[in-house]
Amino acid sequence: WDPPPPPPAATHTTLTLPGGDSYAGDAIGATPHGAGTFVAANGDRYEGGWRAGQRHGQGVAVFARGAAYDGDWVVGVPMGTEEEEGWGQRSWRAE
C-alpha cells in the first residue's frame, strides 16, 4: 500500500478576479490558501489567513463603508465584533 501523495504546496501568486477584484498572496492553483490580501472592486479589503478560498484564521477586513474587523475568521465568518465609526458595534458568532 502506498500512502496518498501530499497536497500541493501553496505558492505566491497574484490573481485578477471577475468584476475587478484582486488577490495577492499564497494560493494552491487559483485558490487562496495561506496568507494573502484581497481587494474588492468596491474598496473593501481583507488581509490575513485563507483556507481553501475562504477567510480563515487571523485577519483584518476594512470595509468601504467605514467599518473594520480585526480578529479571527472561521470558514469565511468573522468571530467577534465589528467596529464602525458613528454606528457602534455589530457582533457575529457562528451557529
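Residues numbered from 1 in each chain as written. Predicted model: local features only at pLDDT ≥ 70, side-chain atom pairs only at ≥ 80, totals over all residues. Heavy atoms only, no water.

> Got a minute to help me understand the pairing of strand 3 (residues 31-39) in this structure?
It is a general feature of regular strands that their side chains alternate between the two faces of the sheet. Alignment of strand 2 (residues 22-28) against strand 3, held across six bridges, turns out to be antiparallel. Directly across from Tyr-23, in strand 3, lies its bridge partner Phe-38. Here strand 3 runs beside strand 4 (residues 45-51); their pairing, made up of six bridges, is antiparallel. Its bridge partner being in strand 4, Gly-34 is matched across the sheet by Trp-50. Here strand 3 folds back onto strand 4 in antiparallel fashion, the turn holding five residues, of which Gly-43 has a positive phi close to 105°. (Pairing = 2+ DSSP bridges. Helix = DSSP H or I, 4+ residues; strand = E, 2+ residues; numbered from the N terminus.)

> What is the right way to look at unusual backbone geometry in this model?
Apart from glycine, the bulk of residues carry a negative phi angle, and the bulk of peptide bonds sit in the trans form. Even without glycine at this site, Ala-52 takes up a positive phi of about 50°. With respect to the element layout, Ala-52 can be found in the loop between strand 4 and strand 5 (54-62).

> How do you make sense of the packing of aromatic side chains when you look at a structure like this?
For any pair of aromatic rings, the description consists of the separation of the ring centres together with the inter-plane angle of the planes. All told, the structure shown has five aromatic pairs when counted by the stated rule. Look at Tyr-23 and Trp-50: their rings are 5.4 Å apart centre to centre, the planes differ by 85°, and that puts the pair in the edge-to-face class. Of the two residues, Tyr-23 is situated in strand 2 and Trp-50 in strand 4; the sequence distance between them amounts to 27 residues. A centroid spacing of 5.2 Å and a plane angle of 90° characterise the contact between Tyr-69 and Trp-73, whose relative ring orientation is edge-to-face. Judged by its relative accessible area of 3%, Tyr-69 falls in the buried class. Site record: aromatic cluster; members linked through ring pairs are Tyr-23, Phe-38, Tyr-46, Trp-50, Tyr-69 and Trp-73. Lying over the aromatic face of Trp-73, Arg-55 brings its terminal NZ or CZ to 5.2 Å of the ring centre. The ring of Phe-63 has Arg-65 lying over it, and the distance from NZ or CZ to the ring centre is 5.0 Å. (Phe/Tyr/Trp six-rings, centres within 6.5 Å; stacked < 30°, edge-to-face > 60°. Buried < 20%, exposed > 50% of the residue type's maximum accessible area, 1.4 Å probe, protein only. Lys NZ or Arg CZ within 6 Å of the ring centre and 35° of its normal.)

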